[in-house]
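Descriptive structure summary
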Amino acid sequence: MHIYPNAKAVVRDVAPDEPVILNRPHAAMRAARFFVEKFPGKVLYAVKANPSPELITVLWEAGVTHYDVASIAEVRLVRAALPDATLCFMHPIKTRKAIAEAYHKHGCKTFSLDTQEELEKIVEACRDPETGEAATDLRLAVRLRVSSEFSELSLAAKFGCDLLEAPALLQNARQHCDWLGVCFHVGSQAMSPFAFVQALDRTRAAIAEASVVIDMVDVGGGFPSIYPGMEPPPLEDYFQIIHQHYYALPIAYNAELWCEPGRALSAEYSSLIVQVEKRRGDELYINDGAYGALYDAAHVGWKFPVRALEDELRDPEMDFAFYGPTCDDADYMAGPFPLPSDIQAGDYIEVGMIGAYGAAMKTGFNGFGNAEQYIVADEPMASLYDGSRQRPEADNVVSLR
Ligand SMILES: *Cc1c(COP(=O)(O)O)cnc(C)c1O
């Protein structure tokens, strides 16, 4: 496949009048290597962040062997792309059919749960269909509810059992498996490593109360990427603090530490080319938006970096808001997005850092239709992995130690 040097080259060659996704396999490869080499445990990729088979293959080549799948569609997709990958079904609410297919057909042994009902469902669905015997190779992880206060997108309300329920659930799950874990998710884009300290403290309390042997602790996702106005501390600080607090847990001597990054492995992978269809003052009507790759820009006011792709545009820049292509008023992105003040209809814009939870929407996974995709060789608009962010001065970890 042809590799373009950058977005400008794509515009020159294709002049696309539909939004186009640009992929940077080298950036995803670098992110995955960083996690595989530096995280002090096993790294699972959370497939829902971007289920592109091409991306998954890049991550596999970079050494990511385990995949956190959240639906039977993701189970099938990863199994088709990677026959030897280890699948872990980490959504705490699954249908009996999905569990049975994942276990019996796709070799998925690891399941998460946050209720007694889900535990019973898993045990029943994994019985031998002929003999009715219970599975002896299940690996179960009890999902704890933890605070999302340090994260830009909360996951606290929806999943996880609380500290009162956890001990009994851990004891019951232990009856059905030889390998028992605890997992949690601190919320997406956790801007401070301290999020993991609180969650690991809860984990310690739950394990101590249950007094069962724990073989695995999964600190979930939440590892940040870098966006305008959201510049996190270096990931090494997260890894170090997790490692420290993991070692203080009352767990088996040979227990494993896992993490499940989604955003941190995929955000830098993709950017998007859009075209300005109309300008009205400081508002630009562009050809993608809330119902395409820019879902988060519209619905949660996420700020993605932008740059104009025309050569002759002038400074100074000014702040713009975007309207998407649909007739819905909600198809509006407040930004602000700084662009040259003489930008006009017909000009192209590159929106960066949309590889997580953005490109995934556009590429047909949820029926949003298919955008053209090209590979480019230049750097993502921002990166946590290019060596430029090793010790920013505002290191908010030092004060915690
Ligand atoms: C969404 C999700 C992840 C990935 O979260 P990020 O914030 O993208 O890292 C990991 N684990 C589980 C169980 C999830 O639901």
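Every chain is numbered independently, its residues counted from 1 as its sequence is written. The model is predicted, so local features are restricted to residues of pLDDT at least 70 and side-chain atom pairs to those at 80 or more, both for listing and for counting; the totals for chains, interfaces and linings are taken over all residues. To get the side-chain values, take all heavy atoms of the structure and skip hydrogens and water.

1. Regarding the environment of Asp178
A run of DSSP states H or I qualifies as a helix once it reaches four residues; a run of E qualifies as a strand once it reaches two. Both are numbered from the N-terminal end. Topologically, Asp178 is positioned in the loop between α7 (166-174) and β9 (179-183). Each C-alpha atom, one on Asp178 and one on Glu54, is 35 Å from the other, the two residues being 124 residues apart in sequence. Those residues within four positions of Asp178 in sequence are excluded, and the remaining contacts are Thr136, Leu138 and Asp215. The contact criterion used is simple: two residues touch if any of their non-hydrogen atoms lie within 4.5 Å.

2. Overview of the nonpolar core
Generally speaking, nonpolar side chains in soluble globular proteins are found buried as a group. What is meant by a nonpolar core is a set of buried Ala, Val, Leu, Ile, Met, Phe, Trp, Tyr and Cys residues, joined one to another through side-chain atoms within 4.5 Å. Think of it in three bands: with a 1.4 Å probe and only protein chains considered, a residue is buried below 20% of the maximum accessible area for its type, exposed above 50%, and partly exposed in between. Within the largest apolar cluster, 121 residues are counted, with the highest numbers of intra-cluster contacts made by Phe35, Tyr67, Phe111, Phe223 and Ile349. Of the residues that make up this core, three or more belong to each of domain 1 (3-22 + 268-376) and domain 2 (25-266). In this structure Tyr67 touches Leu44, Tyr45, Val47, Ile56, Leu59, Trp60, Val78, Leu82, Ala85, Thr86, Leu87 and Cys88, once residues within four positions along its chain are discounted. By size, the runner-up hydrophobic cluster in this structure holds 12 residues, among which are Tyr4, Ala9, Val11 and Val20. Note that domain bounds follow an automatic or database assignment of domains.

3. As for the UniProt feature "domain: Orn/DAP/Arg decarboxylase 2 C-terminal" (unreviewed entry) in the chain
UniProt positions are given in the numbering used here, feature names are shortened, and annotations may be inferred rather than shown by experiment. Listed under "domain: Orn/DAP/Arg decarboxylase 2 C-terminal" (unreviewed entry) in the UniProt record, and renumbered for this structure, are residues 269-351. As annotated, residues 269-351 comprises 6% helix and 46% strand, and the C-alpha atoms at either end are separated by 12 Å.

4. Structural notes on the packing of aromatic side chains
What counts as a ring pair is set by centres within 6.5 Å for rings of Phe, Tyr and Trp (its six-membered ring), and what kind of pair is set by the plane angle: stacked under 30 degrees, edge-to-face over 60, tilted for all other angles. Applying the stated rule across the entire model yields 22 aromatic pairs. The interplanar angle of 20 degrees and the centroid separation of 5.0 Å between the aromatic rings of Phe196 and Phe223 together place this pair among those described as stacked. Of this pair, Phe196 sits in helix α8 (residues 194-210) while Phe223 is found in the loop between β11 (216-218) and α9 (235-247), placing the two residues 27 residues apart along the sequence. Each member of the pair Phe196 and Phe223 is classed as buried. Clustering of aromatic rings is evident, with ring pairs tying together Phe34, Phe35, Phe39, Phe196, Phe223, Tyr238, Phe239 and Tyr385. Each ring is checked for a lysine NZ or an arginine CZ that lies within 6 Å of its centre and within 35 degrees of its normal; such an atom marks a charge sitting over the ring. When the ring centre of Phe89 is taken as reference, the NZ or CZ atom of Lys94 above it lies at 5.9 Å. When the ring centre of Tyr285 is taken as reference, the NZ or CZ atom of Lys278 above it lies at 4.8 Å.

5. A few points about the pairing of strand β12 (residues 256-259)
Two strands are said to pair when DSSP picks up at least two bridges between them. As paired strands, strand β3 (residues 42-46) and β12 are joined by two bridges and run parallel to one another. When the bridges of β12 are listed, Lys42 appears paired with Trp258. As judged from the three bridges shared by β11 and β12, these two strands associate in the parallel manner. The residue bridging Val217 from the neighbouring strand is Leu257, located in β12. With strands facing away from the observer, any crossover in which the path from the first strand over the helix to the second runs clockwise is taken as right-handed. Handedness of the crossover joining β11 and β12 through α9: right-handed.

6. Some points on the layout of surface pockets
For cavity detection a 1 Å grid was placed over the protein atoms alone, and a set of points counts as a cavity when a 1.4 Å probe fits there but cannot get out; an open set counts as a pocket when protein lies on both sides within 12 Å along at least five of seven lines, with lining residues being those that have an atom within 4 Å of a point. Grid points are joined across faces, edges and corners, and a volume is the space filled by probe spheres set on the points. Of the volumes computed, that of the largest pocket is approximately 900 Å³. If you go around the largest pocket, you meet 37 residues; those closest to its centre are Lys48, Ala70, Leu155, Phe159 and Tyr357. Elements supplying a minimum of two residues to the lining of the largest pocket: α11 (295-299) and α12 (359-362). Element by element, the count of residues in the lining of the largest pocket is highest for α11, at three residues. A breakdown of the residues in the lining of the largest pocket according to their chemical character gives 18 nonpolar, 10 polar and nine charged. Split by domain, the lining of the largest pocket shows at least three residues from each of two domains, domain 1 (3-22 + 268-376) and domain 2 (25-266). Lys, Arg, Asp and Glu make up the charged group, whereas Ala, Val, Leu, Ile, Met, Phe, Trp, Tyr, Cys and Pro make up the nonpolar group; the residues left over, Gly among them, are polar.

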